[in-house]
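Residue strings, one per chain:
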Amino acid sequence: MIGLALTLVLIAFVVRLLQVQAVDASTYAAKAEQNRYVVHTLPAERGGITDRNGVALASTVDSYDITADPTMFTREQLKVGDGPEQAAALLAPILGEDQEALAAKLRPKNKDLRYVRLARGKTPEVWNQIKDLKTALGKKADEDESAVNVLAGVFADPSSKRVYPNGSLAAGILGWVNSEGEGSGGLERKLDRTLAGEDGEIRYAQSGGRQVPTIGANEKPAVPGSGVELTIDRDIQWAAQHAITEQVKESKADGGYVIVQDTRTGEILAMANSPGFDPNNLSDADPAALGNAALQDAYEPGSTAKVMSMAAVLEENAATPATHVVVPNRLHRGDRLFKDDVDHPTWHLTLNGVLAKSSNIGTILATGQLGKTQREANQVLYSYLRKFGLGSYSGLGFPGETKGILAPPGQWSTSQQYTIPFGQGVSINAMQAASVYSTIANGGVRVAPTLVRGTKGPDGRFTPAPEPEKTRVVSEKTAKTLSRMLESVVDDEEGTGTKARIPGYRVAGKTGTANRVDPATGKYRGYTSSFAGFAPADKPRVTVYCAIQNATQGSYFGGQICGPIFKQVMEFALKTLQVPPTGAAPANLPVTFKP
């Protein structure tokens, strides 16, 4: 009987072994495999962005994506029917997420789903809180068979969070990173591949939600992204952004921009917009301010564009700074009667005086000498506008940048052929305007503007950015003559830019006040006020351009509201870069002549 009993027991064992190892082998193997191995993505650390001096403008800090394996919350696994609801109740207050939404993620429609993300970008403190709670529940389940660890299927993927330590400073340049960790605006978007790096992957065995240390893990390491060094100087950027923000507020204007550029290298030292936004908190940002208006807004520049007309006249030897120009109070051309910004008796100006007093009529008369006919003059002027960069992208390759509007001369209307010489009927962006003055300051050579100095790879090796493209626009003689003429705008008492004077420095500049097209209606409403210039005028180092859109309180003239901004920002930039005065006497070219 004992032998029979043993035989029956052995037969039962054999049958069970056959069932487990042969009949149901694949089922049990799949179940073991399902619960045993977990695969997680190892996010690459995003490269940082710094200013030209290594000051952090955008950086990455450690964070965790809280994830879960929904198959570990089923009734079969937990032996309870409301596992997802219990887990959601514990996690909701810690994660700051909706409890019902969490429960829905833990009970997906797809029964084979092994991975869901419960929350993104949480701090290490949040994950430690969940981990401690998970460990406590696990110990309780080990001690009490009736207890259940409803958080066994909750995990954390090491991740990172993008932060901008200076808040809204240079936000228009930097852009932002979206919830998926992808660059979605500004340089974060343009340089996303460089900054992002390459994600890795890890596969390891787990039991009860914890990694089994005795079983090796397969890991493909993540490759960090490269760091990017910009041409921006943080301090100059702050000075520009502060100045334009205060003036826009004081003038109750729609907005404004300031650009600071190194005239020799084309490097952008500052590019400020108002209003701006804080990329750390996009939910509170005005959607209309999300971007870089200095590159994305197209507007008619007004009198700051006259410098290009004068460059064409000088380069074509149609006149000299001393050429006499008789300027009447009204001038009939085409289908319009043109006037200057103020009524005046007949002026007897030199060509230098036309620029200093910003005479529209004088500019029309001067550019009319560019050809034997008006059509020829239009063609010549158009060729110079194109050389200065109008109608083309600046070269920055910035997302959303406009190239402005410059129609071919054959399409100019009757009035446009007379308004374009003084900056109406043609549209540009602020970067193009600044580049025009940097070209004059650089001896007539246009250096394509740049925002990136270079990149630093994961190995720490610095790779300089390619040299910018250089193009000869006008001769060095013409550029120097224009510089002296632009000094009269600021230095001469009859000039329109006296508020831009800087004690000890020779300053070259030009005011602008243009009729503004309202983007909402497409009709003229309000003004674009601007000032552009460089210093020291006889040995240029820095260009500053300022524009304010639709000032509704106080003066709207460019010399009155943008001249002081130019002075404030230029003084700061010259001190920061330690540029000394040249000590040379100003040109003092004549503005008027005696008939």
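Residues numbered from 1 in each chain as written. Predicted model: local features only at pLDDT ≥ 70, side-chain atom pairs only at ≥ 80, totals over all residues. Heavy atoms only, no water.

Concerning the overall build of the chain
- The number of helices and strands found in the chain is 20 helices and 24 strands.
- The C-alpha atoms of the chain give 34 Å as radius of gyration, which overshoots the globular expectation for 595 residues (25 Å, by more than 25%).
- In terms of overall dimensions, the chain has a C-alpha envelope of 140 × 45 × 40 Å along the principal axes.
- Burial statistics for the chain: of 595 residues in total, 50% are counted as buried.
- Taking the intrachain contacts of the chain between residues at least 6 apart in sequence as the baseline, contacts between residues at least 24 apart amount to 72%.
- With the model as given, the accessible surface of the chain reaches about 27800 Å², and the carbon-plus-sulfur share is 51%.
- Of note, the chain has its 63 positive side-chain charges centred 5 Å away from the centre of its 62 negative side-chain charges. (Helix = DSSP H or I, 4+ residues; strand = E, 2+ residues; numbered from the N terminus. Rg over C-alpha atoms; globule rule 2.2 N^0.38 Å. Buried < 20%, exposed > 50% of the residue type's maximum accessible area, 1.4 Å probe, protein only. Contact = heavy atoms within 4.5 Å. Areas by Shrake-Rupley, 256 points an atom, 1.4 Å probe, with all protein chains shown as cover. Lys, Arg positive; Asp, Glu negative; His and termini not counted. Charge placed at Lys NZ, Arg CZ, Asp CG, Glu CD.)

A look at the packing of helix α12 (residues 306-315) against helix α14 (residues 360-367)
- The interhelical angle for the contact between α12 and α14, taken along N-to-C directions, is 30°, at an axis separation of 10 Å. Taken together, the axes of α12 and α14 are roughly parallel relative to one another. As for how α12 packs across α14, the hand of that crossing is left-handed. Contacts from K306, S309, M310 and V313 of α12 reach α14 at N360, T363, A366 and T367.
- Tallied by class, residues from the contact of α12 with α14 come to three nonpolar, four polar and one charged. (Axes fitted to C-alpha atoms, helices over the stretch in contact; angles between N-to-C directions. Parallel < 35°, antiparallel > 145°, perpendicular 65-115°, else oblique. Left-handed = near helix turned anticlockwise from the far one by under 90°. Nonpolar A, V, L, I, M, F, W, Y, C, P; charged D, E, K, R; others polar.)

Section: the UniProt feature "domain: Penicillin-binding protein transpeptidase" (unreviewed entry) in the chain
- Those residues carrying the UniProt feature "domain: Penicillin-binding protein transpeptidase" (unreviewed entry) are residues 256-571 in this numbering.
- Taken end to end, residues 256-571 is 28% helix and 23% strand, and its first and last C-alpha atoms sit 19 Å apart. (UniProt positions renumbered as here; feature names shortened; annotations may be inferred.)

Some thoughts on the pattern of salt bridges
- This structure, assessed with the given rule, holds 24 salt bridges.
- One salt bridge in this structure joins D69 and R114, with 2.8 Å as the shortest N-O distance. One end of the pair, D69, is in the loop between β3 (56-68) and α3 (75-78); the other, R114, is in the loop between α5 (99-106) and β4 (116-122), with 45 residues separating them in the sequence.
- When the shortest N-O distance is used, the salt bridge between R120 and E180 registers 3.2 Å. Of this pair, R120 sits in strand β4 while E180 is found in the loop between β6 (176-177) and β7 (183-185), placing the two residues 60 residues apart along the sequence.
- Sharing partners across several salt bridges, the network here consists of R46, R162, E188 and D192. (Salt bridge = Lys/Arg side-chain N within 4 Å of Asp/Glu carboxyl O.)

Details of helix α4 (residues 83-95)
- With 13 residues, α4 extends 18 Å from end C-alpha to end C-alpha; this agrees with the ideal 18 Å at 1.5 Å per step.
- Along its length, α4 shows its largest kink, about 30°, at A89, and proline P93 lies within four residues downstream of that point.
- If you check which residues of α4 are buried, you get G83, P84, A87, A88, L91, A92, I94 and L95.
- Considering only its buried residues, α4 is in contact with β3, α3, α5, β4, α6 (124-143) and β5 (154-163).
- Downstream of α4 by a residue or two, G96 has a phi angle that is positive, lying close to 70°. (Expected span 1.5 Å × (residues − 1). Bend = angle between axes of the 7 residues up to and from the residue.)

Describing the packing of aromatic side chains
- If you walk through the whole model with that rule in mind, you get nine aromatic pairs.
- Measuring from centroid to centroid gives 6.2 Å for F338 and F422, while their planes differ by 80°, and the two rings are edge-to-face. You can see F338 sitting in strand β16 (residues 336-338) and its partner F422 sitting in the loop between α16 (416-419) and α17 (430-441), a full 84 residues away along the chain.
- For F338, a relative accessible area of 3% corresponds to the buried category.
- What makes F422 buried here is its relative accessible area of 8%.
- Ring geometry for Y527 versus Y556: centroids 4.0 Å apart, planes at 5°, classification stacked. Here the residue Y527 occupies a position in strand β23 (residues 524-535), and Y556 occupies one in the loop between β24 (542-549) and α19 (558-561), the gap between them amounting to 29 residues.
- Among the aromatic residues, those joined into a ring-pair cluster are F338, Y418 and F422.
- Between the NZ or CZ atom of K357 and the centre of the ring of W347, over which it lies, the distance is 4.6 Å.
- Directly above the ring of Y384 sits K387, whose terminal nitrogen or CZ lies 4.7 Å from the centroid. (Phe/Tyr/Trp six-rings, centres within 6.5 Å; stacked < 30°, edge-to-face > 60°. Lys NZ or Arg CZ within 6 Å of the ring centre and 35° of its normal.)

Quick word on the environment of H324
- Considering the arrangement of structural elements, one finds H324 in strand β14 (residues 324-327).
- Look at H324 and you get exposed, because its relative accessible area is 51%.
- Sequence spacing of H324 and P224 is 100 residues, and the spatial spacing of their C-alpha atoms is 65 Å.
- Excluding its chain neighbours within four sequence positions, the residues that come into contact with H324 are L349 and F593.

Details of unusual backbone geometry
- The omega torsion of the bond from S274 to P275 falls at 0°, within 30 degrees of zero and hence cis.
- Mapped onto the fold, P275 is located in the loop between β13 (268-274) and α11 (293-296).
- Of note, the amide linkage connecting A535 to P536 takes the cis form, showing an omega dihedral of -15°.
- Along the polypeptide, P536 turns up in the loop between β23 and β24.
- Its identity is not glycine, yet K252 carries a phi of approximately 50°, on the positive side.
- Note on placement: K252 falls in the loop between α10 (234-251) and β12 (255-262).
- When its relative accessible area of 53% is taken as the criterion, K252 is described as exposed.
- Look at N317: it is not a glycine, yet its phi comes out positive at around 60°.
- Turning to its location among the elements, N317 is positioned in the loop between α12 and β14.

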